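Working through the structure, step by step
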Amino acid sequence: MLGLQALFFYIFALIAVGAALMVVFSKNPVHSVLFLITTFVSTAGLFLLTGAEFLALILVVVYVGAVAVLFLFVVMMLDVDFAKLKRGALQYAPFGAIVGVVLLAELIIAVTGNYYEPQLSVATAMPTPPLAEMSNIEALGAVLYTRYILFFQLAGLILFVAMIGAIVLTLRHKEGIRRQSIPAQVARNPATAIEIRKVESGKGI
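As the structure is a prediction and not an experimental result, all values here were calculated from the model. (Residues numbered from 1 in each chain as written. Predicted model: local features only at pLDDT ≥ 70, side-chain atom pairs only at ≥ 80, totals over all residues. Heavy atoms only, no water.)

**Observations regarding the confidence of the model for the protein**
Note the cut-off: Each residue carries a pLDDT score, the predictor's own confidence in it, on a scale running from 0 to 100. In DSSP terms, a helix is any run of H or I states spanning at least four residues, a strand is any run of E spanning at least two, and both are numbered starting from the N terminus.
Per-residue confidence for the protein gives a mean pLDDT of 79, with 81% of residues at or over 70. At the low end of the mean pLDDT range in the protein sits helix α7 (residues 120–124), at 60; at the high end sits helix α1 (residues 4–25), at 88.

What follows is the structure, given as structure tokens:
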């Protein structure tokens, strides 16, 4: 990359790395979500520079427009005591460290896999059709919704279960607040829904 393209690459890269660090180190959860949105937008710019316009579109539309905004609404609307949640976080530090080491080892193996096994990338890679025959989005969609359709559906199911679990774990019921009861509304009849009272003339209820 030379000239203006290299300049934008370094700008987007610095913003993405800085915003990602602020997501972790920011004390305010709302600020963390805003920095997360900044990271997604900067990463989308990097994808555009490399010609992966589909991934850039997915980052902006799906992650920024839906996931990150949902995180922001959940953080701002739910009355979650973050100080109480952080009190017992240190007891999970050893388990988190083990998971981090495993993920780091996987990343190292994925990045340096060609050095130990040069034929690995050739055996696992699929041929890329010419752009004149099929666009980048069409090629990615053909692979995602044909060869890896089961993994795609499984990933959607896992995200759906995780969303329900997050709502259940963070929902707090406050005392003194009337809540909607769907079974009680469905079971209503005229005897329980209507009350006839005789009002004397000139007087209210």
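On we go from here.
**Overview of the nonpolar core**
Rule in force here: For this analysis, a nonpolar core means a set of buried residues of the types Ala, Val, Leu, Ile, Met, Phe, Trp, Tyr and Cys, connected via side-chain atoms within 4.5 Å. Relative accessibility under 20% of the residue-type maximum defines a buried residue, over 50% an exposed one, and the middle range a partly exposed one, all with a 1.4 Å probe and only protein chains included. Contact between two residues is taken to exist if any of their heavy atoms lie within 4.5 Å; hydrogens are not considered.
Counting 7 residues, the largest nonpolar core is built from I37, F40, A44, A56, L59, V64 and A68. Of all the elements in the fold, those that place two or more residues in this core are α2 (29–49) and α3 (53–77). The leading source of residues in this core is α3, at 4 residues. Setting aside its immediate chain neighbours within four residues, I37 contacts V64 and A68.

**Quick look at the layout of surface pockets**
Which entries qualify depends on this criterion: Buried and open spaces are told apart on a 1 Å grid over the protein atoms alone, a cavity being a set of points where a 1.4 Å probe fits but cannot get out and a pocket being an open set with protein on both sides within 12 Å along at least five of seven lines. Residues with an atom within 4 Å of a point are the lining residues. Grid points are joined across faces, edges and corners, and a volume is the space filled by probe spheres set on the points.
Reported here for the largest pocket is a volume of approximately 890 Å³. Surrounding the largest pocket, 31 residues form its lining, V62, Y63, V67, F71 and L159 being those nearest its centre. Considering every element that reaches the lining of the largest pocket, the biggest residue donor is α3, with 11 residues.

**Considering the packing of α1 against α2**
Counted only if it meets this: Axes, fitted as lines to C-alpha atoms, cover a helix only where it is in contact. Angles between the N-to-C directions of the axes lie from 0 to 180 degrees. These descriptions rest on fixed angle ranges, namely under 35 degrees for roughly parallel, over 145 for roughly antiparallel, 65 to 115 for roughly perpendicular, and the rest for oblique. Each crossing is labelled by how the near helix is turned from the far one, with a counterclockwise turn of less than a right angle marking it left-handed and a clockwise turn marking it right-handed. In this classification, the charged set is Asp, Glu, Lys and Arg, the nonpolar set is Ala, Val, Leu, Ile, Met, Phe, Trp, Tyr, Cys and Pro, and all remaining amino acids, among them Gly, are polar.
Contact geometry of α1 with α2 gives a least axis separation of 8 Å together with a crossing angle of 155 degrees. It follows that α1 is roughly antiparallel to α2 by the angle criterion. Of the two elements, α1 crosses α2, and the hand of that crossing is left-handed. Two secondary-structure elements touch here, α1 through Q5, F8, F9, F12, A13, I15, A16, A19, A20, M22 and V23 and α2 through S32, F35, L36, T38, T39, S42, T43, G45, L46 and L49. A per-class count over the contact of α1 with α2 returns 14 nonpolar, 7 polar and no charged.

**Quick look at α1**
An α-helical segment advances 3.6 residues per turn. Residues three or four places apart therefore align on the same side. Here is the rule we go by: Expected span of a helix: the number of residues minus one, times 1.5 Å.
Relative to the 32 Å expected for 22 residues at 1.5 Å per residue, α1 spans 32 Å between its end C-alpha atoms, a close match to the ideal helical length. Every buried residue of α1 is accounted for by A6, A16 and A19.

**Observations concerning the packing of aromatic side chains**
In plain terms, the rule: Aromatic rings from Phe, Tyr and Trp, with only the six-membered ring used for Trp, were paired whenever their centres fell within 6.5 Å, and each pair was classed as stacked if the ring planes differed by under 30 degrees, edge-to-face if by over 60, and tilted otherwise.
Applying the stated criterion across every chain yields a total of 4 aromatic pairs. Ring geometry for Y145 against F152: centres 5.1 Å apart, planes inclined by 70 degrees, an arrangement best described as edge-to-face. Judged by its relative accessible area of 47%, Y145 falls in the partly exposed class.

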